[in-house]
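# Coordinate inspection notes
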Amino acid sequence: EAKRREEAEKQRLVAEELARKMQDEEEDRQRSAAEAEEAKRREEEEMQRLDADEEARKRHEEEQQRSSAEADEAKMCEEEKNQSLAAEEAARKVEEDLHRLALEEEAAHRRQDEERERQRLAEEEAEASKKEEEEEQQRVAVEKEADLKQHEEEERRKLAAEEEANQKQQAEAPRKGKEE
């Protein structure tokens, strides 16, 4: 009986040990499975994080490219605008230069016309002055001629009067002698 009980106790202990071993193994297996699950979960999270990072990087890169393209477009528009303004300014300057040249040419023509008119008036004035001078010379010559003729006439009359007085005196002289 004691031997049987000892054998039974030994079997019970072996069975308990086996059960405990099996339980430990099950716990190890479950723990390993849980760790593997956790590792898998972490790996998936890491993959998701990497995917999210990659997506964010791509979005950032695209945003930078878009911003760069917009900046390039804005710069190009600004350059085109500046070129257009420069072209307009150049055209306006050419127009102003042409207008100024036209005004200067017109002024030069006007000055030439004024100079020609001034010369014409000066020539007319010189001609009129010359004519007046000639007429004055003629008038003076006529006056001198008239004065000369008048003087000669006065001399002739004077001489005639003197001659007449002489004749009268000579005529009266014999009569006076008779009277005496």
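Each value, and the rule that gives it
- The numbers attached to residues start from 1 for each chain and follow its sequence in the written order.
- Only residues with pLDDT of 70 or above have their local features reported here, since the model is predicted, and side-chain atom pairs are shown and tallied only from 80 upward, although totals for entire chains, interfaces and linings are computed over all residues.
- Neither water nor hydrogens contribute to the side-chain values; these are computed over all heavy atoms in the structure.
- Comment: elements are numbered from the N terminus, with helices defined as DSSP H or I runs of at least four residues and strands as E runs of at least two.
- In short, Shrake-Rupley with a 1.4 Å probe defines the accessible areas, and a residue's cover is counted only from the protein chains shown.
- Residues counted as positive are Lys and Arg, residues counted as negative are Asp and Glu, and His and the chain ends are not counted.
- Every charge is mapped to an atom, namely NZ of Lys, CZ of Arg, CG of Asp or CD of Glu.
- A carboxyl oxygen of Asp or Glu within 4 Å of a side-chain nitrogen of Lys or Arg is what we treat as a salt bridge.
- Only protein chains enter the area calculation, which uses a 1.4 Å probe; residues under 20% of their type maximum are buried, those over 50% are exposed, and those in between are partly exposed.
- The patches described consist of residues with a relative accessible area above 30% and no salt bridge, like charges being joined within 9 Å and nonpolar side chains (Val, Leu, Ile, Met, Phe, Trp, Tyr) within 5 Å.
- Nitrogen and oxygen atoms within 3.5 Å of one another constitute a polar contact, given that in protein one can donate a hydrogen and the other can accept it, and given that sequence-neighbouring residues count only through two side-chain atoms.

## Some points on the overall build of the protein chain
- Per the secondary structure count, the protein chain includes 1 helix and 0 strands.
- Principal-axis analysis of the C-alpha atoms gives the protein chain an extent of 255 × 25 × 5 Å.
- Per element, the accessible surface of the protein chain, about 16900 Å² overall, is 51% carbon and sulfur.
- Mean positive and mean negative side-chain charge positions of the protein chain (39 and 65 charges, respectively) differ by 3 Å.

## Observations concerning the environment of Leu148
- Mapped onto the elements, Leu148 comes out in helix H1 (residues 2–179).
- Along the primary structure Leu148 and Glu6 are separated by 142 residues, whereas in three dimensions their C-alpha atoms are 204 Å apart.

## Describing the pattern of salt bridges
- Throughout the structure, instances matching the rule amount to 30 salt bridges.
- One salt bridge connects Arg12 with Glu16, and the closest N-O pair in it is separated by 2.4 Å. Taken together, the residues Arg12 and Glu16, both in helix H1 and 4 residues apart, mark about one turn of the helix.
- In this structure, Glu54 engages Arg57 in a salt bridge whose closest nitrogen and oxygen atoms are separated by 2.5 Å. Of the two residues, Glu54 and Arg57 are both situated in helix H1; the distance of 3 residues between them amounts to about one turn of the helix.
- Classification of Arg57 as partly exposed rests on a relative accessible area of 42%.

## Describing a nonpolar patch on the surface
- Residues Val94, Leu98 and Leu101 make up a contiguous nonpolar surface patch of about 270 Å² in total accessible area.
- Assignment of secondary structure puts Val94 in helix H1.
- The exposure class of Val94 is partly exposed, given its relative accessible area of 47%.

## Considering a negative patch on the surface
- A contiguous patch of negative charge, built from Asp72, Glu73, Glu78, Glu79 and Glu80, is present on the exposed surface.
- As for its placement among the helices and strands, Glu79 is situated in helix H1.
- When its relative accessible area of 41% is taken as the criterion, Glu79 is described as partly exposed.

## Let's talk about the environment of Arg41
- Mapped onto the elements, Arg41 comes out in helix H1.
- Judged by relative accessible area, Arg41 falls into the partly exposed class, the value being 36%.
- Among the polar contacts listed, one links the side chain of Arg41 to the side chain of Glu38, at a separation of 2.4 Å.

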